[in-house]
Amino acid sequence: MKKLSVLLCLFTLFFAFTCENEPLDFDAESSQTDSDLLGDWSLVEFSVQVSTSTDFQGQVISSDIDIYSTTVDYNLNFTESNFTTNGGYSYVADIVANGMNVEGEPYTLESVSGSGSYSVNGNEMTIDGSFFEFSFEGMDFAELSGEQTATFEISDNGQTLVFSQDDTTTETDAATGLTTTSTQISSSVWARQ
């Protein structure tokens with residue numbers, strides 16, 4: 001059960017920073033330009049809250065997952081049109097499934113890396129690649145990277161970069177009638193190096 005919970009949390013964390021989401025509206029600083037992104041950023045913290053409700057023929061299963069970083073040593077570098085990431089981090093995932101609490105223990109990922117290209121339109125970034133690439137117990141998640149959209153804000157005189165996502169999706173399997181609604185709120189905070 002513990003490995004299943006860790007795997008579920010790993011999938012959730014990965015999707016939280018790689019799936020295409022509707023951006024939040026930010027009041028980005030008016031002087032913000034693409035060049036403000038260039039250079040090295042260190043991850044300060046991240047958090048993800050995911051609420052899922054699955055309805056199968058009137059039987060509803062719900063879960064809430066709260067994931068938050070505990071230690072980080074992860075870096076992001078932007079050039080004019082490309083990015084790279086590297087390092088490691090630890091996180092905890094607390095899960096409530098149908099009223100049952102499962103408190104997580106710190107899980108550490110080391111030697112995580114990613115790369116890709118990006119473009120910016122206002123405070124919206126389109127990314128082709130992945131900020132996070134890793135494997136878990138022999139399973140490779142590289143195939144989950146691809147084009148995605150993120151909203152960002154640069155503040156504190158160009159010293160802080162914040163990515164935020166807020167997304168609700170509903171999917172129905174036509175063959176089984178299974179309907180799943182998932183709401184995700186996530187953010188990551190980065191400091192200029």
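The structure this text deals with has already been given above.
Here's what I pulled together on the structure shown here. Here the structure is a predicted model, which is why all the values come from computation and not from measurement. (Residues numbered from 1 in each chain as written. Predicted model: local features only at pLDDT ≥ 70, side-chain atom pairs only at ≥ 80, totals over all residues. Heavy atoms only, no water.)

**A look at the overall build of the protein chain**
The number of helices and strands found in the protein chain is 1 helix and 11 strands. Sequence-ordered secondary structure for the protein chain, helices as α and strands as β, is α-β-β-β-β-β-β-β-β-β-β-β. Counting the 193 residues in the protein chain, one finds 39% classified as buried. Restricting the contact set of the protein chain to residue pairs at least 6 apart, pairs at least 24 apart contribute 64%. (Helix = DSSP H or I, 4+ residues; strand = E, 2+ residues; numbered from the N terminus. Buried < 20%, exposed > 50% of the residue type's maximum accessible area, 1.4 Å probe, protein only. Contact = heavy atoms within 4.5 Å.)

**What about the packing of aromatic side chains?**
Across all of its chains, the model carries 7 aromatic pairs by this definition. Taking the centre distance of 6.3 Å and the plane angle of 50 degrees together, the rings of Phe 152 and Phe 163 count as tilted. In this pair, Phe 152 is assigned in strand S9 (residues 146-155) and Phe 163 in strand S10 (residues 160-172), connecting sequence segments 11 residues apart. For the pair Phe 152 and Phe 163, a shared accessibility class is recorded, and that class is buried. (Phe/Tyr/Trp six-rings, centres within 6.5 Å; stacked < 30°, edge-to-face > 60°.)

**A few points about the pairing of strand S6 (residues 124-129)**
As paired strands, strand S5 (residues 107-121) and S6 are joined by 6 bridges and run antiparallel to one another. Each residue of the ladder has a partner; that of Tyr 118, found in S6, is Ile 127. Hairpin connection, S5 to S6: the antiparallel pair is bridged by 2 residues, and Gly 122 has positive phi, about 70 degrees. (Pairing = 2+ DSSP bridges.)

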